[in-house]
Structures are given as structure tokens and as C-alpha cells.
Amino acid sequence: MAGVCYLQYTHVEGVDVAALAPHVAALHAKNDGPLYYYGPTVENFWNDRGSDFTGAEYWVAFPAELAGQDVRVPPLASSPELPLARYGHPVGQGAEHKVDKAGDAFVQLKANRGDATVAVRRMVWAPSGTPSLVAVRLRTNGIATLQAAATSYDAPFAEIRLPDTKMAWRTVWLDLDEARANGGRGGDHILYLRSVGGTANVDVIGVTPQAHEVVAPVRFADAPQLSLVAVAGEELSRTFAWTGSDTATLALQGASQGMSLTGNDFRWTPKRAGTHDVLVVASDATTDTTLPVTVTVAPDRPAAIAALLAGVDEPATYTSGSWAAVAAARDAAAAASTADSTTFAGLLESLRAAVAALEELSPRLADGSLDYTGLVTSPLTTAQMNSLVDDDNQTFWGDQRVPNITFDAGPGHRLRADRFGYLARDTFPNRAKGTNVYGSDDNVTWTLLTEHVNAGSDSAMEWVDVKAEVREQAYRFLKLQVDEPGVASDPAFPGIWSLSEFRIDGERIEAVGSLDAVEVSSPDDVAGRVVAGDTAEVTFSGDDAISGVAVTIQGRPATLTDTGEGTWRATATLTEPTAPGYVPFAIDFVTPDGRQADTVAATTDTSRLYLSTDAGLVDAAFGAARVIAPDGSTSTALVAEAGRLFDGNAATHTDTRAVNGTYAITWDFGTGGCVALTGAEILVRQDGYGISRISNLRLEGSADGITWTRLTPAPPRGTLDWQQWIVRDQGAYRYVRLVNGTIMGVAELRLYGAVA
């Protein structure tokens, strides 16, 4: 868009853009040509990704006066690397463009001169959870620190220690997927690199996004940094384990006197107490990877143990399991005051590892609320979860098209809350409105926790108290659910739910006892649906020292088999349900220390069985009926679509498109034939489209295939679970159709009634 503005004002309006808007002129001068690198791949500007204009129609924005100009089209770059001479913008007094005697153009960062930051545009991030190496080609004249941030003023989301490259151009790297490099306020395609501390010059010549095809770096097992404790006069030894390059070699920079490194074996016998920093550098032909190591030397063994425990809070701050490991390692080290130095060093390492593995029971965000992002599992990606706690109303969890999202604290923990906080995406408060929070221990039966729905605010956190009568109750599952949705911003896009921030003002609590894995299944299920007479199995594993194990399925004692080594299997034959729903189960046991464990009533893998009935099913009749298109013709495609509704596979679904403007699958029971439906069950397509495209889904009946009567008074509920679908008109019809107002995605359908 800046290029279009430049052309319009320069060639049509006669404006000296360089004088009046120098940044626009500079951006135009650095424009790419029609072929450019988008990460590691070459893109063509004349496609839909090209600009705010649509693909090849971009040319219509060019002024006619441009035809008489000597236009030079920038060529495709020689590689995916983004040279900072073109894509880097210095920020602050400590950064400036430079060209050396060899003709290399770069941005020099001098931290001792103030803010030494460069903004790099045209970055591309990999999806969350996948490697996204960002390669930075640079040189230094000393050890330095390089930080990566979303803006020039935000705290860094990553940093690395840079080796002294002796002014040779080398490549360093960071792993920055979209979960860490959340663009937000700085823009989705901008990375800020900042040099901090020290006096070294950092010259950055280029940055390569998604550089996994460019570098195959060393990865230290102890990354990103390592803190060790030693005893004065006793040898400290460590092997630096790493994976990656087969040709890399290790070296020390900034080493204290007496430190040695042979291969990857480090040895040092410190003479006196103190703190020492050293940089371990792994180098191959082009790339350096660093491991910062801090060694605290204690005057004696008790002081070494105390140094490792410095900064550790009270035991109640941590999960009982992680604290137990620290206590055991501490006691073992304290009891070894006369052990030889090698043995004691090993005990110190065990204590260091246990302290490093401490897990806070209720970690906190800056505002004091619970940092739940690492405590729960949910359908959200890591990047989406992080967006809920980043204090930025520009980032959000996406345009969700589901009515609810569940957080699972796991079988060993519960969540208790005093209040919940909501912040809507900027300019879209209506898309966050009407949300309640519910709690459950079995993921089936839910208790309303919030006093009322939120009103929707995009300017300040909106807090809603938990109802007084359940404020002291803790639950394994929390469900956010839209109960009173706001008015859609655009009627063409209803049902969008967007939260920018979500807070839990509360705590995580350890359950009494827990199991490692719990799964429910059946050898008789059809797409997770079971009926009376089928077998339900609950398999679970845990500490083999637990006792008093008892299991109920559907409220009745199940047959329990101890399969050995801390694993059990419980089975039961299912009976007719009072009403269709998910099969309930409960596991009770006594912990190894003699406490009655909290009942376990949910799986660890989200598996569930939907219990229904086959009495009155007329699916076979629908399978034998003629499938026709809305115009009455036979359609091979629609026959295949109809087959997916009854194939017993939740992973398949219809994708019914319009025929003459109608999205429908129609069954014709022939002359003299008819069916009277009394009920239905449905499983929608198992993703967001399955929910977002059902607002007008219905069953209809007709005597002539022309005039249709609605059988289901309402569309299915917005859920990915099996559900009953009420049929109100139970008249007999020759034709029955499943019809929608848009593309129709249904995974499974079960129909009840009578066929004549």
C-alpha cells in the first residue's frame, strides 16, 4: 500500500514524497519485485497474498503516468536471507546502518551507546509446536547478549549469549515459533533484535526466517543455560551432552583460570569461593551455538547444599511430587559429609536437577492471578493460550466457532476460583459477550460457577465473581461457554467468539491420589456410540502400591481385573439407559500412604462412550431408499454423501454442496412407501465447521417432493458430541431430506420411527 501511495502522490499529485514523507519514500525504494521470498519459499506478488488488492487486479491502482517512466523491477533475491541493509530499521541511539571497507552492509548494535535495537521486517513464523529456526548472521568483537522481542519496548521473548567471533561473520540461531514470536502490537512480520549489556559491537548483516534448511545447529541438553555449584578444593566435572552437527567442536570463552575442556568433558578444581561465568561454544563451519554456564563455588559442603537451595520457597509452594524429590536429594547430600569428592559431586548434581525440576503448584501472572497456561490442556494451541495472558487486546485466541471450550487440569489436580476475568479483542467486545464459566469433575455434569455472564469489554479487564456457594469448591474441568451471545458484527458471519484475555483468580489444588492414565472404550462401539448389551471397558494405570480399588460403570459394580505392574481393567455389560448420554464410571482406591483417594470419574485421553438405544432405528430403511438430488435426479455423489451418515466412522462426514441453490440429501421411499420419524441422534462434523454450519440444519418431510414440512423444530446444539435431535412432526412422508442453508457437514445420523 505504501508503494501505491508513493506512485499516486509522485506521478499524479506531483508531491515530493521524499521531503514530506521520507519513511514512505524509503519503504518504496526497498519494495520487493513480483517474485519474492516468503520464508524459504518463492511467492508471486500477483496472487491473493500479494496486497490489499485482489491478486492480478493490483495493476489497476497504478497511475497512467507511470507508463512513461523508467521503471526498474527489483529482481528476486538470491536467497531467503533478509539483508538488514534492506529490511533492517535501526531503533535508538545504539543502532545504525554501516558499510565496511569490504563493502558489507550491516546494522551495528552498540549497547553502551543506549538502545541498540534493529527492527527486521518480512519475518515469517512457523506454526506453534514446530521448529522455526531463525538464523542471524553477525560478527562480534566480544561476548554479548542478543534479545528478540515483539516491539521495541516489550520485554524479550527470547535471548541468546553471543560468542566473540573475532569479527568473523558467523551464524547464530533462535527457535521462534508463533507461540513465542506473537506479533501483536509489533506486527505479525516484524522481529526486534536488541543488544544489551557489555561493550562489544554486534554487527548484524542478515536474518533468515524458517531457517531449518539453512542451519542444522548443535542443541545442548542443558540449554538454554546451566547453573552449577562446586566446593572449593574439590574437582567439578561435567560432560556437555549435545545433538546436531557431526562436525561441531566445543570451546570455552571467558573461562576462569584452571578450567579445561577436552572434547565435551569439562573439569575444574576451584581454589576459593566465588561466582564464575563461562561460555561453552559449539562451532561448525558456519554456525555457533552457545551454552552460558554459571559456577557458584561454595567454601564447604554445607554451603554448597545451601547455595543450591537458595531461592527455593516453602514446600507448599510446589507440587508434592517435585518437592519430595528435592527433599530426598537434600537429605542424601547432607548425609554424605564424609563421602569422597566424586560421590558428593554426584549428590550435588542430583540435588541441582531436582531443584531445577520443581513445579509450582499455583504459578502466578504479573497481576497475581493463576498462570494456567502450563497447567491445563485444551483444544487451543500454545500460541492461542499464550495470547490469553499477554496483556494485549490486539492478540486473541482466534475466531472460535464453538459454543464452549474446556480446560482440563488433569487427574491429579483441581482448580478453585474466586473470580474470572475477561477482556475482548480490540473493537470486538460483542464477540466476547455472554460468557459463563462452569466446573466439573467428570466432564459430563456441570456446575455454573459465575454469578452472571460478562458484558463484553475491550478496554479493561472485566471481573465476574464466582457464586458464593461454590467458591470453595475445586474442579478438574473448567468450561467457558457462550450462554448469551452478543449481536454479530456482520450478519454474514454469526457465532464468532473471540477472547483476548482470560484470568483465573484462584489456585490449583492437588487431588488426593491420582492415576497416570484412564481410558474408556468398547469392542462394540460405533463411532463412540454404544447400546444396551454392549461391553464397556475402563482401563487405568497408577502406582502399583495403591489398594482397595473399586470401579463402578453406569452406577453398578464392574468386574475388576488386576493386569499387573500397576494396571487394571474394569468391564461391565451396559443396560438400557434412562435417557441417552455418556456412560458414567467411578474409580475409588486407597493411596499408598493410607488415604482415601478422590474419586476419578473422567479419562485422561478425552475418550467417552455415548450410550443410546437401537430400539426403533430405521437406518436400514434409509440405506435401502433411493437417494436423489433436490431436482429429483439420481446423484452418485449424494449416494456417497448419504453413506457417510451411517458408516460408523466419526472421522468421515458429508460435504454437501448446493444443487439448484439447495443443500440437501433426499431419500425417496417410493410409490406407496413412507416413513414416520419419532426421533434422531446426530454427530456433526468433528471440527469448527461442523458447529459453525448447522444454524439452519433440519429434517424435512414431503408427500410429493415439492412441498416440505419441517420435522425438527430447532437445529442441533453447537457441540462436537453425540446429541439427541428432537423430531416434533411425526407424520408419515414418502420423501425425507436432511437440508441446510449452507455447506452441510454431518459425521453420523441415527433415525428412529416406523416404515410403512
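Residues numbered from 1 in each chain as written. Predicted model: local features only at pLDDT ≥ 70, side-chain atom pairs only at ≥ 80, totals over all residues. Heavy atoms only, no water.

**Brief notes about the sheet that holds strand 41 (residues 663-668)**
Spelled out, the test is: Strands were regarded as paired on the criterion that DSSP finds at least two bridges between them. Helix and strand definitions here come from DSSP, where helices need a minimum of 4 consecutive H or I residues and strands a minimum of 2 consecutive E residues; each element is numbered from the N-terminal end. In what follows, residue pairs with any heavy atoms lying within 4.5 Å of each other are defined as contacts. Angles run from 0 to 180 degrees between N-to-C directions of axes, and those axes are lines fitted to C-alpha atoms, restricted for helices to the stretch in contact.
Within the open sheet, the five strands sit side by side as 40-41-47-43-44. Their pairing is antiparallel. In this open sheet, the two edge strands, each paired with only one partner strand, are strand 40 (626-628) and strand 44 (709-710). This element, helix 10 (residues 636-644), spans strand 40 and strand 41 of the sheet and lies at about 85° to strand 41.

**Here we look at the pairing of strand 11 (residues 170-175)**
Short version of the rule: Only protein chains enter the area calculation, which uses a 1.4 Å probe; residues under 20% of their type maximum are buried, those over 50% are exposed, and those in between are partly exposed.
The buried fraction of strand 11 amounts to five of the six residues, a majority that puts the element mostly inside the structure. Of the pairings in the sheet, the one linking strand 8 (residues 133-140) to strand 11 comprises six bridges and is antiparallel in character. Looking at strand 11, one finds that Ala135 is bridged to Trp173.

**Comments concerning the sheet that holds strand 23 (residues 404-408)**
Judged by pairing direction, the sheet is antiparallel, and its four strands sit side by side in the order 23-28-25-26 without closing on themselves. At either end of the open sheet lies a strand with only one pairing partner, and these are strand 23 and strand 26 (447-448). Relative to strand 28 (residues 477-482), strand 23 runs antiparallel, the two sharing five bridges. Bridge pairing in strand 28 links Phe407 to Leu478.

**Regarding the pairing of strand 1 (residues 35-38)**
Successive residues of a regular strand alternate their side chains across the two faces of the sheet. Pairing geometry for strand 1 and strand 2 (residues 41-44), over four bridges, is antiparallel. Across the sheet, residue Leu35 finds its bridge partner in strand 2, namely Asn44. Adjacent in sequence and paired antiparallel, strand 1 and strand 2 are bridged by two residues, among which Gly39 carries a positive phi angle near 70°.

**A word on the nonpolar core**
Inclusion rule: Throughout, nonpolar core names a set of buried Ala, Val, Leu, Ile, Met, Phe, Trp, Tyr and Cys residues whose side chains join them through atoms within 4.5 Å.
Judged by nonpolar contacts, the single largest core of 63 residues is most densely connected at Tyr372, Phe407, Phe420, Phe502, Trp667, Leu677 and Leu738. If near-sequence neighbours (up to four positions away) are discounted, Phe407 is found in contact with Tyr372, Val376, Thr377, Ser378, Leu380, Met385, Leu388, Arg476, Phe477, Leu478, Leu480 and Phe502. Counting 29 residues, the second-largest nonpolar core is a separate cluster that includes Tyr87, Ala116, Val136 and Val204.

**Let's talk about the side chain of Thr208**
Turning to its location among the elements, Thr208 is positioned in strand 13 (residues 201-208). With sequence-adjacent residues up to four places away left out, Thr208 is seen in contact with Pro80, Glu81, Leu133, Val134, Ala135 and Val214.

**Observations concerning a nonpolar patch on the surface**
Note the following rule: A patch is a set of surface residues, each over 30% in relative accessible area and not in a salt bridge, joined within 9 Å for like charges and within 5 Å for the nonpolar side chains Val, Leu, Ile, Met, Phe, Trp and Tyr. Only the protein chains shown count as covering a residue, and every accessible area follows the Shrake-Rupley method with a 1.4 Å probe. Think of a salt bridge as a Lys or Arg side-chain nitrogen and an Asp or Glu carboxyl oxygen that are within 4 Å of each other.
Together, Leu35, Val42 and Leu76 make up an exposed nonpolar region whose accessible area comes to about 230 Å². Note that Val42 resides in strand 2. The exposure class assigned to Val42 is partly exposed, which follows from its relative accessible area of 42%.

**What to know about unusual backbone geometry**
Following Ala223, the chain continues into Pro224 via a peptide bond in cis, with omega recorded as 5°. For Pro224, the location among the structural elements is in the loop between strand 14 (219-220) and strand 15 (226-231). Of note, the phi angle at Lys166 is positive, near 60°, even though the residue is not glycine. Backbone geometry at Asp391 places phi at a positive 55°, although glycine is not the residue there. Structurally, Asp391 is set in the loop between helix 8 (382-387) and strand 23. In this structure Asp391 comes out as exposed when scored by relative accessible area, which is 55%.

**Section: a negative patch on the surface**
Definition in use: Under the counting rule used here, the positive set is Lys and Arg, the negative set is Asp and Glu, and His together with the chain ends is not counted. For charged residues, the charge sits on one atom: NZ in Lys, CZ in Arg, CG in Asp, CD in Glu.
A surface patch of like charges, here negative, comprises Asp516, Asp543, Asp544, Asp562 and Glu565. Here Asp544 lies in the loop between strand 32 (535-541) and strand 33 (547-553). Exposure remark for Asp544: the relative accessible area of 58% places this residue in the exposed category.

**As for the packing of helix 6 (residues 320-334) against helix 7 (residues 341-356)**
Heads up, the condition is: Geometric relationships in this document are graded by angle, where less than 35 degrees denotes roughly parallel, more than 145 denotes roughly antiparallel, 65 to 115 denotes roughly perpendicular, and other angles denote oblique. With the far helix as reference, a near helix turned anticlockwise by less than a right angle produces a left-handed crossing, and one turned clockwise produces a right-handed crossing. Following the grouping adopted for this structure description, the nonpolar residues are Ala, Val, Leu, Ile, Met, Phe, Trp, Tyr, Cys and Pro, the charged ones are Asp, Glu, Lys and Arg, and the polar ones are all others, Gly among them.
Where helix 6 meets helix 7, the closest approach of the two axes is 9 Å, and the angle between their N-to-C directions is 160°. For the element pair helix 6 / helix 7, the angle class is roughly antiparallel. Relative to helix 7, the crossing made by helix 6 is left-handed. Along its contact with helix 6, which presents Ala325, Val326, Ala329, Arg330, Ala332 and Ala333, the element helix 7 presents Phe344, Leu347, Ser350, Leu351, Ala354 and Val355. Classifying every residue of the contact of helix 6 with helix 7 gives ten nonpolar, one polar and one charged.

**Brief notes about the pattern of salt bridges**
Applying the stated rule across the entire model yields 42 salt bridges. For Arg503, the salt bridge is made with Asp391, and the minimal N-O distance between the two is 2.8 Å. With Arg503 in strand 29 (residues 499-510) and Asp391 in the loop between helix 8 and strand 23, this pair connects stretches of sequence that are 112 residues apart. Between Arg595 and Asp593 there is a salt bridge, with the nearest N and O atoms lying 3.2 Å from each other. The network of salt bridges with shared partners includes Asp222, Arg238, Glu349 and Arg352.

**Side note on the environment of Pro592**
Positionally, Pro592 belongs in the loop between strand 38 (585-590) and strand 39 (610-612). In this structure the C-alpha to C-alpha distance between Pro592 and Gly92, which are 500 residues apart in sequence, comes to 61 Å. With near-sequence residues (within four places) excluded, Pro592 lies in contact with Asp543, Ala545 and Ile546.

**Considerations on the packing of aromatic side chains**
Rule in force here: Working definition: a ring pair exists when centres of Phe, Tyr or Trp rings (six-membered ring for Trp) sit within 6.5 Å. Plane angles under 30 degrees give stacked, over 60 give edge-to-face, the rest tilted. Only when the NZ of Lys or the CZ of Arg is both within 6 Å of the ring centre and within 35 degrees of the ring normal is a charge said to sit over the ring.
Tallied over the entire structure, the rule returns 16 aromatic pairs. Grouping aromatic residues by their ring pairs yields a cluster made of Tyr372, Phe407, Phe420, Tyr422 and Phe502. Sitting over the face of the ring of Phe106, Arg139 holds its NZ or CZ atom 4.9 Å from the ring centroid. Against the face of Tyr582 rests Arg608, its NZ or CZ located 4.0 Å from the ring centre.

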